Structures are given as C-alpha cells and as structure tokens.
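# Results of the structural survey
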Amino acid sequence: MDIPSLLLMLLGMAAVTYALRLVFFLPGVGDRLPPRLRQAMTYVPVAVLTAIVVPEVFLTKGQLNTDLLNPQLWGMLATGAVMWKTARLLLAIGAGMVVYYAIRLLIA
C-alpha cells in the first residue's frame, strides 16, 4: 500500500472514530441512540486498531504471510500475552519488540 493511500485510510478511520465518540458529548444526542447502537459503538476503537494491525502482521509485500517464522506474528502474540497477564501497556510493547527483534535476528 502506498503512503498517500495509507494516510488517507488512517485519517478516515480517525474521523469515523472521533465522530462516533463525539456523539456522546453532544447534549441530548447520545441519549436518543438505541442502547444496542451505543453498545456497538464502544467496539469502534478496537475495530479500527484491528484494521491497522492485522494487515501489518499478516501481509508481506502484498502477500499473505502465515509462516510460523513471521516475526510480526510472534511480536503481536507476545504483546497480547503480556498485556493480558499484566495490563501494563509499556511492558507489553517492550516485550513485543524484544520478541520481534529476537525472531528477526534468529531467522536472518
């Protein structure tokens, strides 16, 4: 994906996320939304983050990469595991980076 397309996609996702969150701060607007829609809107940030992360992990040069030696996959899994167990974001990011670079060094 080229840089302008990537930036346009990121800006679009940010605008949608911001607009959906803004609805709750406008007087009376958030109260009129159906409860199921309000509940569904809480998942928008997670969906946007997933839309950004998954292609970066599983696509290499436009090709699907499900190889077990995929360093991005192991970094993502390590980050998720540490975050799940400790709920410490910086520790999870650091652990993911360490695993990612360790795998890259091992397969290089």
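Here's a quick rundown of the structure. (Residues numbered from 1 in each chain as written. Predicted model: local features only at pLDDT ≥ 70, side-chain atom pairs only at ≥ 80, totals over all residues. Heavy atoms only, no water.)

## Some thoughts on the overall build of the protein chain
Put simply, the rule is: Going along the chain from the N terminus, every DSSP run of H or I of four or more residues is numbered as a helix, and every run of E of two or more is numbered as a strand. Just to be clear, the radius of gyration here is over C-alpha atoms, and the globule rule we use is 2.2 Å times residues to the power 0.38. When a residue's accessible area, from a 1.4 Å probe over protein chains only, is under 20% of the maximum for its type it is buried; when over 50% it is exposed; and in between it is partly exposed. Residues are treated as being in contact if the distance between any of their heavy atoms lies within 4.5 Å. Using a 1.4 Å probe, the Shrake-Rupley method yields the accessible areas, and only the shown protein chains count as cover for residues. Positive: Lys, Arg. Negative: Asp, Glu. His and the chain ends are not part of the count. The atoms used to mark charge sites are NZ of Lys, CZ of Arg, CG of Asp and CD of Glu.
The helix and strand inventory of the protein chain stands at 6 helices and 2 strands. Ordered by position from the N terminus, the helices and strands of the protein chain form the series α-α-α-α-β-β-α-α. A globule of 108 residues ought to have a C-alpha radius of gyration of about 13 Å, yet the protein chain, at 18 Å, is considerably larger. Oriented by its inertia axes, the alpha-carbon framework of the protein chain measures out at about 55 × 35 × 20 Å. Burial status across the protein chain gives 17% buried among its 108 residues. When contacts within the protein chain are restricted to residue pairs at least 6 apart in sequence, those whose partners lie at least 24 apart make up 34%. Surface accessibility of the protein chain: about 8,400 Å² in total, with carbon and sulfur atoms responsible for 73%. Side-chain charges of the protein chain comprise 8 positive and 4 negative groups, with the mean position of each set lying 12 Å from the other.

## Brief notes about the side chain of Asn70
You can see Asn70 is positioned in the loop between strand E2 (63-64) and helix H5 (71-86). Leaving out residues up to four positions away in the same chain, Asn70 has contacts with Val57 and Asn65.

## Let's talk about the packing of aromatic side chains
In this description, a pair of aromatic rings is defined by centroid distance and the angle of the planes. Heads up, the condition is: For Phe, Tyr and Trp, where Trp contributes only its six-membered ring, two rings pair if their centres lie within 6.5 Å, and the inter-plane angle classes them as stacked under 30 degrees, edge-to-face over 60, or tilted in between. Over a ring means this: the NZ of a Lys or the CZ of an Arg is within 6 Å of the ring centre and within 35 degrees of the ring normal.
Going through the model one piece at a time under the given rule, you end up with 1 aromatic pair. In this structure, Lys85 is placed above the aromatic ring of Trp84, and the distance from its NZ or CZ to the ring centre is 4.9 Å.

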